[in-house]
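# Examination of the molecular architecture
Each chain, written out:
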Amino acid sequence: MNLQLIEKLIAWSQKQFKELPWRKKRSLYTTMVSEIMLQQTTVTAVEKRFESFLKRFPSLKTLALSSEEEVLNEWIGLGYYRRARNLHKAAQYFQSHFQTIPDQKEELLNAPGIGAYTANAIIAMGLDRPALAIDGNLIRVLARFYQFQGKRSQLESKIEKKFLQSGMDRYPISYRAFNEALMDLGRTICQNDDPHCSLCPLSSKCKANTNHQFDYLIKPEKKQYDLSLKRVLVIKSNKILLYKRPEKKWLQGQWEIPTFTQSCSHEKFDQYDWDQTRTQKQIINEVSSAITCYKIKNLIFKDTKLNTSEQKKLKHYEQKWFSWDDLETINLAHQSRKILLSKKSR
Ligand code: SF4
């Protein structure tokens, strides 16, 4: 991509997207927060939460010194809570080792929870130095522009190589603005199923546009497993029993209604304890959902207490009774919230 085309792309982006809140107050800290928030979450969702997160944790130090629970609570609504835990761990690491966020890529990558994308985002957008924060949007735009095809990791390395070999890392440009513009283009114009090439500032040199060939990603075949989860709604005296998800398991640190594995086509499945001590007849509702490669049937049961077998299995985890009002403020797992809300509205 030549210098003139990059300047055209940057001018296009700055005309319309300068006002995003995290672009108005760039620092290494705000870049780290916003880029981790933006992974797998829409700009609209992040726009709603970014300011309040910074108000609650205005600096690296305040974030590092807060508890994980406080950070997870402030993350409610953004989903993929592992990112919040990673952000918190990285903040603690930087605070204890440097008392600031370092400006060298190797040092950034040593922090737990910081991968190549976030490190490059901090270098490019926090420091305005040559780097590409290669996320899904950048891959789509640049793979189409150069007509690259392959698996995600192959595309990432082809794009990185092109960036360095073509001298794009030595242009007299703002790399902050270049990265932001590529993200804007991928998000709004070069969309997955429907690229609007006639509106695109790169269209004159884009190979995908010239060849009318927009496919770029070869997706690996995914195994699918069937999973039945037993969800026991325990309600007594208008209080609801919840337990906290343990470390290194799905939904770590979130509250959930007591949940057990009823059956699974993946024999080694160990996210939940297995327990089949309730009969099909006792099911009050059935809800479908999906997570990673699991197609899930949520079998809902209702009771005033857990049975002995269930109690034994859950006794290793923190448990607590909550009022309906408490559910508004705690970090409750998404599926549990849905099940409880539908129960409450009946
Ligand atoms: S011309 Fe079309 S395919 Fe090429 S980058 Fe622009 S929107 Fe994407």
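Because the structure is a prediction, the values reported are computed rather than measured. (Residues numbered from 1 in each chain as written. Predicted model: local features only at pLDDT ≥ 70, side-chain atom pairs only at ≥ 80, totals over all residues.)

Here we take up the nonpolar core. Counting 61 residues, the largest nonpolar core has Val33, Ala124, Ala133 and Leu138 as its most contacted members. When contributions to this core are tallied by element, the ones reaching two or more residues are α1 (3–17), α3 (28–38), α4 (43–56), α5 (60–65), α7 (82–97), α9 (116–126), α10 (136–146) and α12 (175–188). With 7 residues, the top contributor of residues to this core is α12. (Core = buried A, V, L, I, M, F, W, Y, C linked by C-beta atoms within 7 Å. Buried ≥ 20, exposed ≤ 12 C-beta atoms within 10 Å, placed from the backbone. Helix = DSSP H or I, 4+ residues; strand = E, 2+ residues; numbered from the N terminus.)

Next up on the list: unusual backbone geometry. Unlike most non-glycine residues, Gln99 shows phi in positive territory, near 60°. Even without being a glycine, Leu251 presents a positive backbone phi close to 60°. On the neighbour-count criterion, Leu251 (21 C-beta atoms within 10 Å) is buried.

For α3, the buried fraction is high: 10 of the 11 residues fall into the buried class. Within the sequence span of α3, burial applies to Tyr29, Thr30, Thr31, Met32, Val33, Ser34, Glu35, Ile36, Met37 and Leu38. In this fold, the buried residues of α3 make contact with α2 (21–24), α4, α5, α7 and α9. (Contact = placed C-beta atoms within 7 Å.)

With that out of the way, let us pick up the site of the ligand. The immediate surroundings of the ligand are formed by 14 residues, with Cys190, Cys197, Cys200, Cys206 and Asn209 found nearest. Examining the composition of the shell around the ligand, we find that 3 residues originate from one element, α10, more than from any other. Taken together, the residues that form the shell around the ligand break down as 11 nonpolar, 2 polar and 1 charged. (Near = placed C-beta within 6 Å. Nonpolar A, V, L, I, M, F, W, Y, C, P; charged D, E, K, R; others polar.)

Accessible area lost during the coming together of the parts is what is often quoted as the interface size. Its domain assignment divides the protein chain into domain 1 (3–211) and domain 2 (225–344). A separation of 35 Å is found between the C-alpha centroids of domain 1 and domain 2. Counting residues at the interface gives 6 residues for domain 1 and 5 residues for domain 2. With 3 residues, the top contributor of residues to the side of domain 1 that touches domain 2 is helix α6 (residues 68–74). For the side of domain 1 that touches domain 2, the residue count by class is 3 nonpolar, 1 polar and 2 charged. (Domains from an automatic or database assignment.)

All right, on to the packing of α1 against α12 then. Where α1 contacts α12, the two axes come as close as 9 Å, and the packing angle between them is 70°. Judged by the angle between their axes, α1 and α12 are roughly perpendicular. Across from Ile6, Leu9, Ile10, Trp12, Ser13, Gln14 and Phe17 in α1, the residues of α12 making contact are Ala177, Phe178, Glu180, Ala181, Asp184 and Leu185. Partitioning the contact of α1 with α12 into residue classes produces 9 nonpolar, 2 polar and 2 charged. (Axes fitted to C-alpha atoms, helices over the stretch in contact; angles between N-to-C directions. Parallel < 35°, antiparallel > 145°, perpendicular 65-115°, else oblique.)

Here we come to the pairing of strand β2 (residues 239–244). It is a general feature of regular strands that their side chains alternate between the two faces of the sheet. Relative to β2, strand β1 (residues 225–236) runs antiparallel, the two sharing 2 bridges. Paired with Lys236 across the bridge in β2 is Lys239. Hairpin connection of β1 to β2: 2 residues between the antiparallel strands, including Ser237 at a positive phi of 50°. Summarising the sheet, β2 and strand β7 (residues 319–322) pair through 4 bridges and their orientation is antiparallel. Note on β7: the bridge partner recorded for Leu241 is Trp321. Pairing geometry for β2 and strand β3 (residues 255–256), over 2 bridges, is antiparallel. When the bridges of β3 are listed, Lys244 appears paired with Trp255. (Pairing = 2+ DSSP bridges.)

This next bit is on the environment of Glu74. Secondary-structure assignment places Glu74 in helix α6. On the basis of neighbour counts, which here come to 20 C-beta atoms within 10 Å, the residue Glu74 falls in the buried class. Separated by 185 residues in the primary sequence, Glu74 and Thr259 have C-alpha atoms spaced 25 Å apart. Each residue touching Glu74, except ones within four places of it in the same chain, is listed here: Phe53 and Arg56.

A few words on the packing of α10 against helix α11 (residues 152–165). For any two helices packed against each other, the geometry comes down to the angle between their axes and how far apart the axes lie. Viewed as axis vectors pointing N to C, α10 and α11 meet at an angle of 70°, and their least axial separation amounts to 10 Å. It follows from the interaxial angle that α10 and α11 lie roughly perpendicular. Of the two elements, α10 crosses α11, and the hand of that crossing is left-handed. Here Ile139, Leu142, Ala143 and Tyr146 of α10 lie close against α11, whose contacting residues are Arg152, Leu155, Glu156, Ile159 and Lys162. In terms of residue class, the contact of α10 with α11 is built from 6 nonpolar, no polar and 3 charged. (Left-handed = near helix turned anticlockwise from the far one by under 90°.)

To continue, consider α1. End to end, α1 covers 21 Å across 15 residues, agreeing with the expected 21 Å (1.5 Å per residue, within 8%). Among the residues making up α1, those that are buried are Ile6, Leu9, Ile10 and Ser13. Seen along its axis, α1 keeps its buried residues to an arc of 100°; they face one direction. Exposed residues on α1 whose side chains face more than 90 degrees from its buried face are Gln4, Ala11, Lys15 and Gln16. Buried-residue contacts for α1 involve α12. (Expected span 1.5 Å × (residues − 1). Arc of directions from axis to C-beta.)

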